Amino acid sequence: MGISKPNPPATVLLLALTLTGMACHGDKDKRQARLPAPQANAPALGPILAALPQTITDAQPAPLQAVQNNPDPVAELIANAEKEYQAGEEKFKAGDMEAAKRSFDRAVDQLLQSPPEVRAEERLQHELERVLEAVNRPELAALQTDNPAPKQKAEPAPIDETNEVTPPVDPNVKAQAEAEIKATNSELPLMLTDPVAAYINYFSNRGHDILQHGLERGGRYREMIESTLREQGVPQELIYLAQAESGFHPLALSRVGARGMWQFMSSRARGYGLQHNLWVDDRQDPEKATRAAAHHLKDLYNQFGDWYLAMAAYNSGPGSVQSAVKRTGYADFWELYRRNVLPKETRNYVPIILAVTIMAKNPAQYGLDNIVPEQPVPYDTVKIDYPVDIRLVAQCVDVSPATLQDLNPSLLRLSTPKDQTFELHLPAGSKERYLAAIDPIPLQMRIWWRYHAVAEGDTLASIARTYRTSPAAIEKENHLPDTDSLQPDSKLIIPIPPGKHAATEDGASYARRATRYKVRRGDTVQTVADNFSLPPLMVRRWNHLRGDSLRGRRIVYIHLPVTPNALSNDQPEESKSRSKKALHSVSENPVQHHKVQPGETLVSIAASHHTTVAALKRDNGNLAMLRPGMVLVIREMR
């Protein structure tokens, strides 16, 4: 009763609070039944409590706080994301685009990692659209598209497939192998057991192609590996550990995340000096990984005093083998095998390596004598401390980007690392040519600028349009005396402003400004990508998506193709039709896009879209020449 008065004395309030506290000790259901309905004109408790002495307000805070505070998970999530968003805004204004994008990305991740019931909230959807719009600003979009994800496609590690089989023992194969071992010289002890004989049978039949292809590829690295093993005092036959693990493939990736020719897990790799960051993964560097593997194997041998146990520990970790030895009292691999105290994969691992070793050292008996091993690939090395796009390097030395990626398998992106040194491998004999060609390119522009080999019919205007730069900029950088005369097969430096082009691994270029697409019922990443002739990878990257589902999304951001090789003339008519229809589904955007058809002119296009030639030139870089397949931006006339 005292609480309903506007100005209650402190003693009355104290009495009321005391009675409330006593009531809390009663039965929960009875207490709820006695609670009166709240009065419409009852004053808030906060101001009244603030006026009371501190001793009174501190007496029973918990029940009052429970009444006052109802946590709102959506509001809390938005508040946390907003902190990252504001941090991104500050970094964006300061000109630190990469730091800004990282903050915006964290904001997006926080919103997307919320539970489904929270993610469906209208307030969260508004915040997500707001942050994604910030991420897709033109200045930041280039960071998403011109620094593509790893170009290399990881190869399945052969050890995964081999470990899944349980091959039978062929008595004839076993008898033949027993005779061969007696005449085989080997630094690694070779013991023939039923598991070893079973895998010899497997590699003689079903697994023969795996073994053959690996031995062929291994020729490229054999000399380097044998030299490294020799330096570390490791048996030469352990080269076949790499054969069993990866088939000598630098990009091999196992199901558990082991990577590279020697299948290092990330944590173990760091312990042996192999770095892994956004730019490089040394586990994929054949030379560095081989040195680390030899060192690791030698350490394991020093720990266990037995090469079989060292190989087992290489597979499952020294702790696993040490534990098995302690439990059984046997420091012998075959005894641990018999007692079944090692993981299944490790029990198979040593027999697989022994089987491969026996067969590789006796090629004629196993149909391996006709193998033509790959030859070592010589290369030049340039130690650099600046980021450079691999496509620019390729243009400097007249090879394909794929050739350079093959020589530099540790690179995870199409550029060398920032803020660290990197040993760039170039085709043999091309070092001086590269240094001369890269010298005119400013350090900070080696990610963006390109070289262009002039072809018959090229003009400054057509080249500038292709690279989204200006004829004047090309003329200035190349000190051209006569812009009307370009010599075929000559090279031009192409100065592309940062963020101006957004080339990705498919070679297409995309608009810097994002377009908002309103998601329709049944849409998926794949269908949206198909509708706009975009790679699904890019749609996922622009919208922080992992799978194919667009459930819960109302808006998707896309960057439309703007170069001739996007929406090309050899694209199926059905796909072209989908693209045109999809463009009309773009929401809240007064921009249309028109793909130039053969025979069209600026005048005819302007007339069909109720605009002017001047507007077309203004919105499309002052076009000097139209070519079929180009996509023009057409803004609505107001």
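Rules behind the numbers
Residues numbered from 1 in each chain as written. Predicted model: local features only at pLDDT ≥ 70, side-chain atom pairs only at ≥ 80, totals over all residues. Heavy atoms only, no water. Helix = DSSP H or I, 4+ residues; strand = E, 2+ residues; numbered from the N terminus. Buried < 20%, exposed > 50% of the residue type's maximum accessible area, 1.4 Å probe, protein only. Areas by Shrake-Rupley, 256 points an atom, 1.4 Å probe, with all protein chains shown as cover. Core = buried A, V, L, I, M, F, W, Y, C linked by side-chain atoms within 4.5 Å. Contact = heavy atoms within 4.5 Å. Arc of directions from axis to C-beta. Axes fitted to C-alpha atoms, helices over the stretch in contact; angles between N-to-C directions. Parallel < 35°, antiparallel > 145°, perpendicular 65-115°, else oblique. Nonpolar A, V, L, I, M, F, W, Y, C, P; charged D, E, K, R; others polar. Salt bridge = Lys/Arg side-chain N within 4 Å of Asp/Glu carboxyl O. Polar contact = N/O pair within 3.5 Å; in protein donor to acceptor, adjacent residues only side chain to side chain. Expected span 1.5 Å × (residues − 1). Pairing = 2+ DSSP bridges. Phe/Tyr/Trp six-rings, centres within 6.5 Å; stacked < 30°, edge-to-face > 60°. Lys NZ or Arg CZ within 6 Å of the ring centre and 35° of its normal.

The helix and strand tally for the chain stands at 32 helices and 10 strands. Across the 638 residues in the chain, those meeting the buried criterion constitute 48%. When the accessible surface of the chain is summed, it comes to about 32200 Å², and 52% of that surface belongs to carbon and sulfur atoms.

Here the focus is the nonpolar core. Formed by 71 residues in total, the largest nonpolar core has its most connected members in Ile200, Phe203, Trp262, Met311, Tyr314 and Phe333. Per element, the largest residue contribution to this core is 10 residues, and it comes from helix α22 (residues 344-360). In this view, Phe203 contacts Thr162, His208, Leu211, Ile352, Ala355, Val356 and Met359; residues no more than four positions away in its chain are not counted.

Right, let's talk about helix α20 (residues 318-328) for a bit. Those residues of α20 lying buried are Pro318, Val321, Ala324, Val325 and Thr328. Each buried residue of α20 lies within a common arc of 130° when the element is viewed along its axis, so the set occupies one face. Across from the buried face of α20, at angles greater than 90 degrees, the exposed residues are Gly319, Lys326 and Arg327. Against α17 (266-271), α18 (286-304), α19 (307-316) and α21 (333-338) lie the buried residues of α20. Once α20 finishes, Gly329 follows within two positions and takes phi at roughly 80°, a positive value.

With that settled, consider the packing of α19 against α20. Running from N to C, α19 and α20 point in directions that differ by 125°, and their axes come no closer than 6 Å. Taken together, the axis directions place α19 and α20 in an arrangement best described as oblique. Seen from α19, the contacting residues are Leu309, Ala312, Ala313 and Ser316; seen from α20, they are Pro318, Ser320 and Val321. Tallied by class, the residues present in the contact of α19 with α20 amount to five nonpolar, two polar and no charged.

Two side chains bearing opposite charge may form a pair once their charged atoms approach each other closely. One pass over the structure, following the stated rule, counts 17 salt bridges. Asp281 is the partner of Arg283 in a salt bridge, and the nearest nitrogen-oxygen pair spans 2.8 Å. Asp281 carries the same exposure label as Arg283, and that label is buried. One salt bridge connects Lys491 with Asp398, and the closest N-O pair in it is separated by 2.9 Å. With a gap of 93 residues between them, Lys491 in strand β6 (residues 491-494) and Asp398 in the loop between α23 (390-397) and α24 (401-407) connect regions that are remote in the sequence. A relative accessible area of 33% means that Lys491 is categorised as partly exposed. Residue classification places Asp398 among the exposed positions, given a relative accessible area of 51%. Connected through salt bridges with shared partners, the residues Arg259, Asp281 and Arg283 form a single ionic network.

Inspection of the secondary structure assignment puts Thr611 in the loop between α31 (602-608) and α32 (613-619). The exposure class of Thr611 is buried, given its relative accessible area of 14%. Each C-alpha atom, one on Thr611 and one on Arg635, is 8.1 Å from the other, the two residues being 24 residues apart in sequence.

Attention shifts here to the environment of Lys298. The topology assignment puts Lys298 in helix α18. Residue contacts for Lys298: discarding those within four places in its chain leaves Gln232, Gly233, Val234 and Trp307. A polar side-chain atom of Lys298 sits 3.1 Å from the main-chain carbonyl oxygen of Gln232.

We now examine helix α12 (residues 171-182). Here α12 spans 17 Å end to end across 12 residues, near enough to the 16 Å set by a 1.5 Å rise per residue. Capping the start of α12 is the job of one residue whose side-chain oxygen sits 2.9 Å from the backbone nitrogen of Asn172: Asp170.

What follows concerns the pairing of strand β3 (residues 379-384). Side chains on a regular strand alternate between the two faces of the sheet. Here β3 shows one buried face, formed by Asp380, Val382 and Ile384, and one open face, formed by Tyr379, Thr381 and Lys383. Summarising the sheet, β3 and strand β4 (residues 422-427) pair through six bridges and their orientation is antiparallel. Following the sheet pairing, Val382 is matched in β4 by Leu424.

Even without being glycine, Phe248 reaches a positive phi, approximately 60°. Structurally, Phe248 can be placed in the loop between α16 (239-246) and β2 (252-253). Given the relative accessible area of 1%, Phe248 is considered buried. The phi dihedral of His544 falls on the positive side, at around 55°, and the residue is not glycine. Since its relative accessible area comes to 17%, His544 is described here as buried.

Now for the packing of aromatic side chains. Within the structure shown, the criterion is met by nine aromatic pairs. Ring centres 6.2 Å apart and planes at 55° place the aromatic pair Phe333 and Tyr337 in the tilted group. Of this pair, Phe333 and Tyr337 both sit in helix α21, four residues apart, which is roughly one turn of the helix. Each member of the pair, Phe333 as well as Tyr337, carries the same accessibility label: buried. Chaining the aromatic ring pairs together yields one cluster made of Tyr308, Phe333, Trp334 and Tyr337. Lying over the aromatic face of Trp279, Arg413 brings its terminal NZ or CZ to 5.0 Å of the ring centre. Taking NZ or CZ as reference, Lys491 lies 5.7 Å from the ring centre of Tyr451, over its face.

Geometry only, nothing functional implied.
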